[in-house]
Amino acid sequence: MPKSRPTPAVSLAQQSFLEERKRRRHWIMTGRVLLFLLFLLLWEAAARAHLIDAFIFSSPSRVCTTFYQMLLDRSIFLHIGSTLWETLLSFLLVILLSLLIAVLLWLCPSLSQVLDPYLVILNSLPKSALAPLLIVWLGANQKTIVVAGMSVAIFGSILTIFNGFSQVDPEKIKLIYTLQGNRMDVLRRVVLPSSIPTFLNTMKVNIGLCLVGVVIGEFIGSRQGLGYLIIYGSQVFKLDWVIMSIALLCVMALLLYSLIHVLEKYCLRYL
């Protein structure tokens with residue numbers, strides 16, 4: 001039987017580099033955790049020492065107590081589930097529609113030139129200004145909140161993906177035409193595969209923007225969700241609800257971003 005080729009040994013310099021890199025990541029993660037714990041400790045201590053008004057600024061213990069009480073009556077699951085579902089639905093619709101529209105604009109250059117200034121204007125428009133109109137047009141329901149979430153992300157997503165299409169290597173496009181391919185062949189074999197990293201980066205941005213849009217919609221036209229808890233809690237001076245909802249939104253944004261980041265690493269591994 002043929003002998004297998006021996007695996008080359010890692011040099012001492014490489015081992016030292018890898019260990020130093022691992023040690024650095026460990027210290028960075030430890031520093032992040034310690035900084036967060038220090039913030040919580042100082043916040044709690046300031047509230048207990050009456051350096052800040054606990055009624056206005058709350059405290060970590062009051063936030064945890066509020067969360068535990070809502071956990072017991074299961075109301076927190078309704079609010080988290082509502083915001084999460086609306087965010088994911090608006091995110092998926094943004095991804096599908098922005099990809100389809102970007103493909104259409106690439107296939108029709110004249111149409112892209114006509115629509116370009118309108119897309120730029122709509123992307124720059126403060127989306128909170130549209131929320132009251134959406135309530136009047138669509139009513140105070142979940143559909144309005146999903147549309148509000150989409151409105152924050154979709155125009156920027158279209159522009160980013162279309163710009164990614166436009167920056168594809170022209171030599172690869174010439175090669176497809178040289179081999180008697182048409183514009184659809186260029187799209188399928190060159191433009192879309194080359195734009196996957198841009199598309200994945202756009203997804204990472206869009207998940208946060210959709211969450212922002214959903215919360216804006218819940219401020220105005222909802223009776224459930226974390227955005228509703230924030231606006232209702234501020235109105236009735238239950239500021240523990242407000243701080244707790246903001247903290248849950250931070251955790252939700254972190255988890256959603258991390259999920260997209262894992263998906264990106266998995267996809268790029270096979271490119």
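The structure under discussion appears in the preceding block.
Rules used throughout
- Residues numbered from 1 in each chain as written.
- Predicted model: local features only at pLDDT ≥ 70, side-chain atom pairs only at ≥ 80, totals over all residues.
- Heavy atoms only, no water.
- Patch = residues over 30% accessible without salt bridge, like charges linked within 9 Å, V, L, I, M, F, W, Y side chains within 5 Å.
- Areas by Shrake-Rupley, 256 points an atom, 1.4 Å probe, with all protein chains shown as cover.
- Salt bridge = Lys/Arg side-chain N within 4 Å of Asp/Glu carboxyl O.
- Lys, Arg positive; Asp, Glu negative; His and termini not counted.
- Charge placed at Lys NZ, Arg CZ, Asp CG, Glu CD.
- Helix = DSSP H or I, 4+ residues; strand = E, 2+ residues; numbered from the N terminus.
- Buried < 20%, exposed > 50% of the residue type's maximum accessible area, 1.4 Å probe, protein only.
- Core = buried A, V, L, I, M, F, W, Y, C linked by side-chain atoms within 4.5 Å.
- Contact = heavy atoms within 4.5 Å.

On the surface, Arg21, Lys22, Arg25, Lys265 and Arg269 cluster together into a positively charged patch. It is helix H1 (residues 12-48) that contributes the most residues to the positive patch, three residues altogether. For Arg21, a relative accessible area of 47% translates into the label partly exposed.

Take Cys108: it is sitting in the loop between helix H4 (75-107) and helix H5 (109-124). On the basis of relative accessibility, which here comes to 31%, the residue Cys108 falls in the partly exposed class. Residues Cys108 and Val251 lie 143 residues apart in sequence; the distance between their C-alpha atoms is 41 Å.

If you look at the biggest cluster of nonpolar residues, it comprises 47 residues, and the most contacted ones within it are Phe91, Trp106, Phe165, Val191, Met203 and Met244. Elements with a minimum of two residues in this core: helix H3 (60-72), H4, helix H7 (142-166), helix H8 (170-178), helix H9 (183-194), helix H10 (196-221), helix H11 (226-235) and helix H12 (239-269). Ranked by residues supplied to this core, first place goes to H7 with ten residues. What Phe165 contacts, discounting residues up to four positions off in sequence, is Leu99, Ala102, Val103, Trp106, Val191, Leu192 and Ser195.

Let us now look at the pattern of salt bridges. The full count for this structure, using the stated rule, is six salt bridges. A salt bridge links Arg62 to Asp240; its shortest N-O distance comes to 3.2 Å. Separated by 178 residues along the polypeptide, Arg62 in helix H3 and Asp240 in helix H12 bring together distant segments of the chain. On the accessibility criterion, Arg62 (32% relative accessible area) is partly exposed. The exposure class of Asp240 is buried, given its relative accessible area of 15%. Salt-bridge contacts for Asp185 lead to Arg188; the nearest nitrogen and oxygen are separated by 2.7 Å. Highlighted residues: Asp185 and Arg188, both in helix H9, separated by three residues, approximately one helical turn. Note on Arg188: relative accessible area 45%, which makes it partly exposed.

Nothing here speaks to function; it is geometry throughout.
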